Amino acid sequence: MLVGHLCLLLVGGLSGVRSPTSIEYGEPFVVSAAYHAATGGDLYAPVDRLPFIHNNYNPLVQLAVGPWLADGVSYTPVRVVTFVSVLFILVVAGALVWRATQSVVAAVVGALLPLTCGFMFPWMCVGRVDAFATLCSCVAFCWAATHQAGSWRARAWLLLPAWIAFAAKQSVVGGCGAALLLAFVRGRRSEALGMGVVFTLGCAGIAGLANLLSDGQYWLHAVVYNASHDRGGLWPETLGPLRTLETMGWPLLILLGICLPKVRKAD
């Protein structure tokens, strides 16, 4: 099954790069915003004036692929970014498993497991920002995991790919979060809290700069829209913070409290 998923990735990725038409509904928004910015327009166009182009992602990927679209609109550049990013995600995952097990079989299985994820599989060939952001997030965790024996200054470099991931998509912060949790579990609580604060301040700086350079349009596109967007009943919009915590948070916190001593012992 895992090999079959790899074949689907290779065939789908190469076919997507060559396809001139949209595969998924989110692609035109990314390509339109990138093209508009590359041809003298605004990456976050005013919401009350033409051309009414919406861009609810952080700016990095669109700015990077924009110059490749200036001479002609195409889905190819951003799909190449996605395809290459997914391949590198598999490499990072496999390398981490190999480092932990020294087993080729385990490394291959670990490398291919991301292709079974319900989120990764539909997005692994389309021209969006998710795969690149996920790759940078994985690199952030990989850096932390492979520098556990070094100083905190060496591990602090994980913040650079974590910030790049955030600059590509505002919700992709899992790699940094996992790295900080690893530090906390291994007893480096001040390091985890300190880096968490620095990471948050850096993300605020990225968002603030984007908002400043776009005359406030970034906030309307990437924050206000996402906060008010209807997610088809899958989002707990009718639940208050305490009810949401009761629904999802308390069991996880209790489970973490039960498991933490065992996790620290087994490391």
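Just so we're clear, the structure is a prediction, and the values are computed from it rather than from any experiment. (Residues numbered from 1 in each chain as written. Predicted model: local features only at pLDDT ≥ 70, side-chain atom pairs only at ≥ 80, totals over all residues. Heavy atoms only, no water.)

> Any chance you could explain the overall build of the protein chain here in plain terms?
Per the secondary structure count, the protein chain includes 13 helices and zero strands. The N-to-C order of helical and strand elements in the protein chain reads α-α-α-α-α-α-α-α-α-α-α-α-α. Considering the protein chain as a whole, with its 267 residues, one finds that 39% of them fall into the buried category. Within the protein chain, contacts between residues at least 6 apart in sequence are counted, and of these 72% link residues at least 24 apart. (Helix = DSSP H or I, 4+ residues; strand = E, 2+ residues; numbered from the N terminus. Buried < 20%, exposed > 50% of the residue type's maximum accessible area, 1.4 Å probe, protein only. Contact = heavy atoms within 4.5 Å.)

> Any chance you could explain the nonpolar core here in plain terms?
Among soluble globular proteins, nonpolar side chains are generally buried collectively. Core analysis: the biggest nonpolar cluster contains 15 residues, and Val30, Val31, Val61, Val65, Leu69, Val78 and Val129 have the highest contact counts within it. Elements with a minimum of two residues in this core: α2 (27-38), α3 (60-65), α7 (130-145) and α9 (159-168). Ranked by residues supplied to this core, first place goes to α2 with three residues. Filtering out sequence-adjacent residues up to four positions away, valine 78 remains in contact with Val30, Val31, Val61, Val65, Gly127 and Arg128. Ranked by size, the runner-up nonpolar core spans 12 residues in total, among them Leu159, Phe166, Ala179 and Leu180. (Core = buried A, V, L, I, M, F, W, Y, C linked by side-chain atoms within 4.5 Å.)

> Is there a simple way to explain the packing of aromatic side chains in this structure?
By convention here, two paired aromatic rings are described through the distance between centres and the angle between planes. For the structure on display, the rule yields one aromatic pair. Relative to tyrosine 218, the ring of tyrosine 44 lies with its centre 5.4 Å away and its plane at 85°, an arrangement referred to as edge-to-face. Residue tyrosine 44 is located in the loop between α2 and α3, and its partner tyrosine 218 is located in helix α12 (residues 217-228); the two are separated by 174 residues in the primary sequence. In this structure, arginine 128 is placed above the aromatic ring of tyrosine 25, and the distance from its NZ or CZ to the ring centre is 5.7 Å. (Phe/Tyr/Trp six-rings, centres within 6.5 Å; stacked < 30°, edge-to-face > 60°. Lys NZ or Arg CZ within 6 Å of the ring centre and 35° of its normal.)

> What should I look at first to understand the confidence of the model for the protein chain in this one?
For any part of a model where pLDDT is low, the fine detail of the predicted coordinates should not be relied upon. Per-residue confidence for the protein chain gives a mean pLDDT of 86; residues scoring 70 or more make up 86%. Mean pLDDT values for the elements of the protein chain range from 64 in helix α13 (residues 241-266) up to 97 in α9. (pLDDT = per-residue confidence, 0-100.)

> Quick question: what am I supposed to make of the pattern of salt bridges here?
Any two side chains of opposite charge can pair, on the condition that their charged atoms come close. Tallied over the full model, the rule gives six salt bridges. Residues arginine 128 and glutamate 24 are paired through a salt bridge, measuring 2.9 Å at the closest nitrogen-oxygen approach. One end of the pair, arginine 128, is in the loop between α6 (120-123) and α7; the other, glutamate 24, is in the loop between α1 (2-18) and α2, and 104 residues separate them in sequence. Residues arginine 128 and glutamate 24 agree in their burial class; the two are buried. The salt bridge partner of glutamate 191 is arginine 188, with a shortest N-O separation of 3.2 Å. Classification of glutamate 191 as buried rests on a relative accessible area of 12%. The network of salt bridges with common partners includes Glu24, Arg128, Asp130 and Lys169. (Salt bridge = Lys/Arg side-chain N within 4 Å of Asp/Glu carboxyl O.)

> Looking at this structure, I do not really get helix α5 (residues 104-112). What am I missing?
Side chains three or four residues apart in an α-helix point the same way, a direct result of the helix having 3.6 residues per turn. Within α5 the residues assigned to the buried category are Ala107, Gly110, Ala111 and Leu112. Taken together, the buried residues of α5 touch α1 and α4 (76-101). Capping of α5 at its N-terminal end is provided by serine 103; its side-chain oxygen lies 3.5 Å from the backbone amide nitrogen of valine 105. (Polar contact = N/O pair within 3.5 Å; in protein donor to acceptor, adjacent residues only side chain to side chain.)

> Please explain a nonpolar patch on the surface as it appears in this structure.
Together, Leu60, Trp143, Trp157, Leu160 and Ile164 give the surface a local cluster of nonpolar side chains, amounting to about 460 Å² of exposed area. As for its position among the elements, tryptophan 143 is in helix α7. (Patch = residues over 30% accessible without salt bridge, like charges linked within 9 Å, V, L, I, M, F, W, Y side chains within 5 Å. Areas by Shrake-Rupley, 256 points an atom, 1.4 Å probe, with all protein chains shown as cover.)

> Where do I start with the packing of α4 against α7 in this structure?
Two numbers describe a pair of packed helices, the interaxial angle and the distance between the axes. Remark: α4 packs on α7, axes separated minimally by 8 Å, with the N-to-C direction vectors making an angle of 20°. Classified by the angle between their axes, α4 and α7 sit roughly parallel to one another. Two packed elements cross with a definite hand, and for α4 against α7 that hand is left-handed. Counted together, Val81, Thr82, Ser85, Val86, Phe88, Ile89, Val92, Leu96 and Arg99 of α4 and Ala131, Phe132, Thr134, Leu135, Cys138, Val139, Phe141, Cys142 and Ala145 of α7 form the full contact between these two elements. Counted by class, the contact of α4 with α7 contains 14 nonpolar, three polar and one charged residues. (Axes fitted to C-alpha atoms, helices over the stretch in contact; angles between N-to-C directions. Parallel < 35°, antiparallel > 145°, perpendicular 65-115°, else oblique. Left-handed = near helix turned anticlockwise from the far one by under 90°. Nonpolar A, V, L, I, M, F, W, Y, C, P; charged D, E, K, R; others polar.)

> Looking at this structure, I do not really get the environment of cysteine 136. What am I missing?
Within the element layout of this structure, cysteine 136 appears in helix α7. Apart from residues lying up to four places away in sequence, cysteine 136 is in contact with Pro161, Ala162, Ile164 and Ala165.

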